[in-house]
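# Coordinate inspection notes
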Amino acid sequence: GSAPPVYPGGCMCVFLSSFTTLFWSLCFLSFFCDSFFGLGFIVSFSLILKETQSKMDRKTTTLGLLSASVGAVAAAGTLMAARARAEAAFAALQGPKAEKIIRRVYFGNVEGEDRGPNPMDPPVVRTDPFFWMRDDTRKDPKIIAHIEKENRHTEAQMAPLKGVEEQIYQEFLSHMLETESKLPYPRGLGYYYYTRTEQGKSYPFHCRKERPGVETAPIEGEEMILDVNRLSVGKNYTDVGVVEPSPDHSLVGISADFSGYETYEIFFRVAGTEEPRGETLKDVDSTIVWGTDNSTVFYLTFDEEHRPHKVWMHTLGTPQSDDILLFTEDDKRFWVGVDKSNSGRFLLIGTGSKVQDEYWFVDLKDVKGADAHKKAAQQVKCMQKRLPDLRYDVEHWGDSFYMVTNKDGAKNGKIMKTPISSPGVSSWKELFPYNSAVQYKRLLPFKNKIAVSGREGGFSQVWVLDPASGKIGRVPMEEEAHMAWISSNYLFETELLRFGYSSLTTPSSLLDYNMTKGTSELLWQQNVPNYVPEEYEAQRIVAPSHDGTLIPMSIVYSKKVYPEGPEKASREKEPVPTMLYGYGSYGVSVDPSFDFKRIPLLNRGMVYAIAHIRGGGEMGRPWYEDEGKFLTKKNTFLDFVAAAERLTGPDGFTSPERLGITGRSAGGLLIGATLNLRPDLFGAAVADVPFVDVMTTMCDPSIPLTVGEWEEWGNPNEQKFFYYMLEYSPYDNIRHEKYPALLVTAGLNDPRVAYWEPCKWVAKLRETKNDSHQVLLKVDMSSGHFSASDRYKNMRERAFEYAFVVDRLGCKDLLPCHQKGGRGECTK
């Protein structure tokens, strides 16, 4: 009950103990901040402490200070250890930090390089801290080590989602008929060619038989043309370009790429066996065109920028070194192709850029044997020399060449014809007046009719032209929103046109259309197990863009999850998880077609949306040529932002936190540019093989594709394009703001978008943005632009990406109504 003893200087000791703790805390503060501010406080408090201690009892004060100091040091050590752990955890989350080595990049005139017709002089100089990641050989140990470190980091960060990834992969398999035969197509002499797959086999079998119809293996009388599974043994990558039977069907030519760099070799076999015939043609394009018999094939080779630029004629049984060069294209803007007319009479050599075409032809009528082919090839003739902005695509029917062309300002294409004897542009005649609301693109002649593919009303269409009367009629389609295409048609003397059809809810189908009777017959439809089309709904909506242009969008969702539509569900409950896809370049159309790998997303309550933005070709050639390339390219990105705002706005059904975006290649550019414009508008993003380093890539003519692409994007070596392209290049416009979680993929052997572009982009994103959201990079070390060639590995890559997306958007679980039995409620 007595009061505690009072020690002399005890109060001062307590004061100094607290004072000392404060001192050490400030030391720790200065360690954290590394600033003069913290250092100044430490010095000031040290002086005060020294003066105060001189007035106190030295012994008592010393004991108190020692006690307090020990505690303070211990606390500081704990804090420093915690800081170290936090820093390590943050670094582990953020990923490898790339070294910075400043490199100058020149835009404009560079001595000894072709920088285009009007390069800036003197050149503009910019710097690139991650240029060192480029290695054209793909073998630099330092770069390979960095990529492998990135892959390990991504694998570690995605490890918690392995279960989700595996579940999605198993769902893919549940919707896929692993053992399946495709519809055989006739190729003459009574043979029907087809491909089929077997469960557990990664690659298809190319086969033929002597009767039509789909059958399940084993198929009596089947001849194996090529087992790609055997061909792929011991190889990390195998892509078969074409399997082309000879005119008499006794031989088959096969092109294959074993690296992913899209450089092929061509070899020949006795049909139905693995017996080799002739020699292997090395370092070639995938194209194989037989002459009129088994003696001769035509093929293409590349220049140093991987541009097909030479057409060769090869005689079987002779070395490749003896092959005859038919044609060379020296203009690096132009790519060369070779084919035969559907009639079989003409060899057609086409060379074209983004804005010009030129065709040459060889008449193969009555040509037989190697010597006759050589003689005929000496008579190669030009149909029409290239002219500024003149595009044309050629076929043969009767005594005329027919073409689709933009002549006389017909941007969407019109159909014309010209005599074989007088093929120049001055002889071209219209079959019927140009209609700007209809886009004609390709012709496929038959004995009595010509099939035409193109677009009308925002969708792909097929027409049949009667060349005798000049009348043209459209093939009817089942749904308004669809995708249609001309399929494999190898018979010239037939009334049947085989075409393909699909929609967001209708699996791929093949039909025969009788061009005389005007009737269609369904021959085959993709078998999708555990899928009921009626349980899903597709819609078409529009989004107003920045300039008032209405941007079409296609959406698809599960009606079991949203029986009254996603808009009502979002108003009554919560924002709906949504994935938005876009491309928007090269005039390529992204049509509303079926993909069974989309089903696991829909069954988790996700809405899948496609934005048909400018730069694509969905609404015709002007949608691309006038409004989505060169100095109007920004419309592409602003349209995509508008689509996202439509989905997240008052009339939409999702929120930024629950909206993901994805794009591939030039669609990856779309993702990168859009994120820079509105990083706040999205919860997750996936960019596959993204073209993101626009400026540095497009200024360098040594990089594959660059020179030809100047007519797509513009040439940043020219002043009028330099500043415009610089304003949207994703790598050059990363902002110090919060970005959503991002997954980026690349292929080490990709010749179209080099691996270093996504690698550099990821490094710069991590350095610049100011949030802790993940940026993950996954580089496939054995593939190129089109990911894995193994169909199972390819699906695992898609499951990996989907696991990333559903985790970030909060829809990892398969909803009860879409689980086996489907009796549960779908509530979100």
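Coordinates for the structure precede this section.
These remarks concern the structure in this document. Position labels on residues start from 1 in each chain and follow its written sequence. In keeping with the model being predicted, local features are shown solely for residues with a pLDDT of at least 70 and side-chain atom pairs are shown and tallied solely at 80 or more, while totals for entire chains, interfaces and linings include all residues. Only hydrogens and water are set aside when side-chain values are computed; all heavy atoms of the structure are taken into account.

## Describing the overall build of the protein chain
Strands here are runs of E lasting at least two residues and helices are runs of H or I lasting at least four, both read from the DSSP assignment and numbered beginning at the N terminus. Scanning the protein chain for helices and strands turns up 17 helices and 39 strands. In this scheme, a residue with accessible area under 20% of its type's maximum is buried, one over 50% is exposed, and one in between is partly exposed, where area comes from a 1.4 Å probe on protein chains only. The buried share of the protein chain, taken over its 828 residues, is 57%. Long-range contacts, defined as pairs at least 24 residues apart, comprise 59% of the intrachain contacts of the protein chain with a sequence gap of at least 6. Where accessible areas are quoted, they stem from the Shrake-Rupley method and a 1.4 Å probe; at the residue level, only the protein chains shown are allowed to cover. Within the structure as shown, the protein chain displays about 35600 Å² of accessible surface, and the carbon and sulfur contribution to it stands at 53%. Contact definition: two residues touch when any of their heavy atoms are within 4.5 Å.

## Structural notes on the packing of aromatic side chains
Aromatic pairing here means that ring centres of Phe, Tyr or Trp (its six-membered ring) are within 6.5 Å. Orientation follows from the plane angle: under 30 degrees is stacked, over 60 is edge-to-face, and everything else is tilted. Here the structure, examined in full by the defined rule, presents 24 aromatic pairs. Consider the rings of Tyr-359 and Tyr-392, whose centres lie 5.5 Å apart with planes at 50°: the pair is tilted. Taken together, the residues span a long stretch of sequence, with Tyr-359 in strand 18 (residues 357-363) and Tyr-392 in strand 20 (residues 392-397) at a distance of 33 residues. Across the pair, Tyr-392 and Tyr-359 agree in class, each one buried.

## Some words on the pattern of salt bridges
Salt bridges, as used here, are contacts in which a Lys or Arg side-chain nitrogen is within 4 Å of a carboxyl oxygen on Asp or Glu. Within the structure shown, the criterion is met by 61 salt bridges. For Arg-196, the salt bridge identified is with Glu-198, shortest N-O distance 2.8 Å. For Arg-196, a relative accessible area of 6% corresponds to the buried category. With its nearest N and O atoms 2.8 Å apart, the salt bridge here joins Asp-331 to Arg-333.

## Describing the packing of helix 5 (residues 162-174) against helix 17 (residues 791-808)
Any two packed helices are characterised by how steeply their axes cross, that is the angle between the axes, and by the distance between the axes. Orientation is described by lines fitted to C-alpha atoms, with helices fitted over the stretch in contact, and by angles between N-to-C directions that extend from 0 to 180 degrees. One way to put it is that helix 5 packs onto helix 17 with a least axis distance of 8 Å and a crossing angle of 130°. Considering the angle they form, helix 5 stands oblique to helix 17. In the crossing of helix 5 with helix 17, the sense of the turn from one axis to the other is right-handed. Listed contacts from helix 17 to Val-164, Glu-165, Glu-166, Ile-168, Tyr-169, Phe-172 and Leu-173 of helix 5 are Tyr-792, Met-795, Arg-796, Arg-798, Ala-799, Phe-800, Tyr-802, Ala-803 and Val-806. Note on angle classes: values under 35 degrees are labelled roughly parallel, values over 145 roughly antiparallel, values of 65 to 115 roughly perpendicular, and the remainder oblique. Here is the rule for handedness: rotate from the far helix to the near one, and if that takes an anticlockwise turn smaller than a right angle the crossing is left-handed, while a clockwise turn gives right-handed.

## Description of the side chain of His-818
Residue position: His-818 is located in the segment after helix 17. In this view, His-818 contacts Glu-535, Tyr-536, Ser-558, Lys-560, Val-561, Asn-603 and Cys-826; residues no more than four positions away in its chain are not counted.

## Details of the sheet that holds strand 33 (residues 550-558)
Two strands form a pair only when DSSP identifies at least two bridges running between them. Strand order in the open sheet formed by eight strands is 32-33-35-34-36-37-38-39, and the pairing between neighbours is mixed. If you trace the sheet from one side to the other, it starts and ends with strand 32 (536-544) and strand 39 (775-780), each paired once. Within this sheet the neighbouring strands show an average axis-to-axis angle of 20°, counted without direction. As paired strands, strand 38 (residues 741-747) and strand 39 are joined by six bridges and run parallel to one another.

## Points about helix 17
To estimate how far a helix should extend, the number of its residues minus one is multiplied by 1.5 Å. Over its 18 residues, helix 17 runs 26 Å from end to end, which matches the ideal 26 Å to within 8%, given 1.5 Å per residue. Most of helix 17 sits out of view: 13 of its 18 residues are buried. Here a polar contact is recorded for every N or O atom pair within 3.5 Å, except that within protein the pair must consist of a potential hydrogen donor and a potential acceptor, and residues adjacent in sequence are included only if both atoms are side-chain atoms. Two or three places before Tyr-792, at the start of helix 17, stands the capping residue Asp-790, its side-chain oxygen 2.8 Å from that residue's backbone nitrogen. Phi turns positive one or two residues past the end of helix 17, at Gly-810, with a value near 75°.

## Points about the pairing of strand 18
Counting buried positions over the seven residues of strand 18 gives six, a clear majority of the element. The sheet contact formed by strand 17 (residues 346-352) and strand 18 spans seven bridges and is antiparallel. Looking at the pairing, Leu-348 lines up with Phe-361 of strand 18. A loop of four residues connects strand 17 with strand 18, the two strands running antiparallel in sequence. For strand 18 and strand 19 (residues 381-384), the ladder comprises three bridges, and the chain directions are antiparallel. The partner of Tyr-359 across the bridge, within strand 19, is Gln-384.

## What to know about helix 11 (residues 634-648)
Taking 1.5 Å as the rise per residue, helix 11 with 15 residues should run 21 Å; its terminal C-alpha atoms sit 21 Å apart, in good agreement. Along helix 11, eleven of the 15 residues are buried, which leaves the element largely enclosed by surrounding structure. Turning to helix 11, its buried residues number three or more, namely Asn-635, Thr-636, Phe-637, Asp-639, Phe-640, Val-641, Ala-642, Ala-643, Ala-644, Arg-646 and Leu-647. Of the surrounding secondary structure, the elements contacted by the buried residues of helix 11 are strand 32, strand 33, strand 34 (578-581), strand 35 (607-611), strand 36 (659-664) and helix 12 (666-677).

## A short note on the environment of Leu-316
Relative to the helices and strands, Leu-316 resides in the loop between strand 14 (308-315) and strand 15 (324-328). Overall, the relative accessible area of 18% leaves Leu-316 in the buried class. Between the C-alpha atom of Leu-316 and that of Phe-268, which follows or precedes it by 48 residues, the distance is 9.0 Å.

## A word on the environment of Trp-761
Inspection of the secondary structure puts Trp-761 in helix 16 (residues 756-768). Look at Trp-761 and you get buried, because its relative accessible area is 1%. Considering only alpha carbons, one finds Trp-761 and Val-692, 69 residues apart in sequence, at a separation of 7.0 Å. Those residues in contact with Trp-761, other than ones at most four positions away along the chain, are Gly-672, Ala-687, Pro-690, Val-692, Pro-730, Tyr-731, Ile-734, Leu-742 and Val-744.

## Brief notes about the sheet that holds strand 28 (residues 483-486)
Read across the open sheet, the four strands follow the order 28-29-30-31; overall the sheet is antiparallel. The outermost strands of the open sheet, each flanked by one partner alone, are strand 28 and strand 31 (519-525). Mean inter-strand twist for the sheet, computed between neighbouring axes without regard to direction, equals 30°. By the bridge criterion, six bridges tie strand 29 (residues 496-502) to strand 30 (residues 509-514) in an arrangement that is antiparallel. Bridge pairing in strand 30 places Leu-496 opposite Asn-514.

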